[in-house]
Amino acid sequence: MSFALPAEMPDTGKVDADELKRRQRARFERVGKWLLPILMLALTLYAWDRIVVLNDIPHYILPGPGLVWETLIKDWGTLSGSLLVTVQITLMALAVAVIGGVGLAILFTQSRIVEMSFFPYAVILQVTPVVAIAPLIFIYVENRMVGLLLCAWIVAFFPVLSNTTLGLNSADHNLRDLFRIYGATRWQRLRHLQLPSALPYFLGGLRIAGGLALIGAVVAEFVAGTGGRASGLAFRIQEAGYQLNIPRMFAGLVLIAATGVVIYAALSFLSYMLLRKWHESALKREG
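As a starting point, this report considers the structure included with it. If you're wondering where the values come from, they're calculated on a predicted model, not measured in any experiment.

Definitions and cut-offs
Residues numbered from 1 in each chain as written. Predicted model: local features only at pLDDT ≥ 70, side-chain atom pairs only at ≥ 80, totals over all residues. Heavy atoms only, no water. Helix = DSSP H or I, 4+ residues; strand = E, 2+ residues; numbered from the N terminus. Buried < 20%, exposed > 50% of the residue type's maximum accessible area, 1.4 Å probe, protein only. Contact = heavy atoms within 4.5 Å. Areas by Shrake-Rupley, 256 points an atom, 1.4 Å probe, with all protein chains shown as cover. Core = buried A, V, L, I, M, F, W, Y, C linked by side-chain atoms within 4.5 Å. Polar contact = N/O pair within 3.5 Å; in protein donor to acceptor, adjacent residues only side chain to side chain. Phe/Tyr/Trp six-rings, centres within 6.5 Å; stacked < 30°, edge-to-face > 60°.

## Some remarks on the overall build of the chain
No. 1: A tally of regular secondary structure across the chain gives eleven helices and zero strands.
No. 2: The helix and strand sequence of the chain, counted from the amino end, reads α-α-α-α-α-α-α-α-α-α-α.
No. 3: Put simply, the chain has 287 residues, and 33% of those count as buried.
No. 4: Across the chain, contacts joining residues at least 24 apart in sequence account for 70% of those joining residues at least 6 apart.
No. 5: Total accessible area on the chain is roughly 18,100 Å²; 68% of this is exposed by carbon and sulfur atoms.

Below, the structure written as structure tokens:
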């Protein structure tokens, strides 16, 4: 009668040590992703302030961070109204880009002829600088708000279109064959297979398009160059430059940067909430 040798038992001390290191690393990453950027921002602001003070740089050349903050508070009444205008144009352009980009991407996947006919022109529209197109737009479009919206849409449209098209075409071919074997209609394949497969791609394009819509809105405002109550942050920066009000220029720039960060963070959170239950990109973040 033969007896099997017992399998080598794992070293529990080593396993516990590895598990402890893994938990410490995960804890450091959770804290570090918030703490390290804040620390770098604080060091940058301190270095900026020291450079201005030690070199006695005039505020009309380079204001210190404290003066920029004071200007932001003092001119908040003017800057907040312009911020709302810029945000409104950005969000409207992003919404139109999503509707048009997703709709056209679905049309491309349903008809190869349509895709071959129109996709090259979408590429041309993307690679042409909006600063070169904007003057022509404001010549032919009388409504200033529509012109700004059109400029921002041109910049934000292509990432949504290209990413969604890629996602719709990236559905598993084995599942495509399975749907075909069971006699699924084109609409059923689109709804139950292609759209879920394209969701991560679409959300990635949406995050890119959010920042680009803000850039397009700001560039369009610079080109439009009209004042009044309905003027965005770009005009306020331009106006402050003409008046050598450099602290206000920095304050407007801070608001634009903060708006871009908020838009990206909001879209990233939306992506996480939609993908966290099933997609690898979100599951890895939880692990």
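## Here we look at the nonpolar core
No. 1: Residues Ile89, Leu94, Cys151, Leu161 and Leu206 are the most contacted members of the largest nonpolar core, which totals 39 residues.
No. 2: Elements with a minimum of two residues in this core: helix H3 (76-110), helix H4 (112-127), helix H5 (130-140), helix H6 (144-168), helix H8 (186-224) and helix H10 (246-275).
No. 3: Within the second largest apolar cluster, twelve residues are counted, among which are Val68, Leu79, Leu83 and Leu255.

## A closer look at helix H9 (residues 233-242)
No. 1: Where H9 is concerned, the buried positions are Leu233, Ala234, Phe235, Arg236, Ile237 and Ala240.
No. 2: The elements touched by buried residues of H9 are H3, H8 and H10.
No. 3: Phi turns positive, to about 55°, at Leu244, one or two residues after H9.

## Things to note about the environment of Ser80
No. 1: The residue Ser80 is located in helix H3 in this model.
No. 2: Residue classification places Ser80 among the buried residues on the basis of a relative accessible area of 17%.
No. 3: Here Gly77 takes part through its backbone oxygen, which lies 3.3 Å from a polar atom of the side chain of Ser80.

## Observations regarding the packing of aromatic side chains
Ring pairs (aromatic) are described by centroid distance and by the angle formed between their planes.
No. 1: Taken as a whole and judged by the stated rule, the model has four aromatic pairs.
No. 2: Aromatic side chains Phe119 and Phe158 sit 6.0 Å apart centroid to centroid with 45° between the ring planes, which places their arrangement in the tilted category. Taken together, the residues span a long stretch of sequence, with Phe119 in helix H4 and Phe158 in helix H6 at a distance of 39 residues.
No. 3: Residue classification places Phe119 among the partly exposed residues on the basis of a relative accessible area of 24%.
No. 4: Put simply, the rings of Phe108, Phe119 and Phe158 pair up and form one aromatic cluster.

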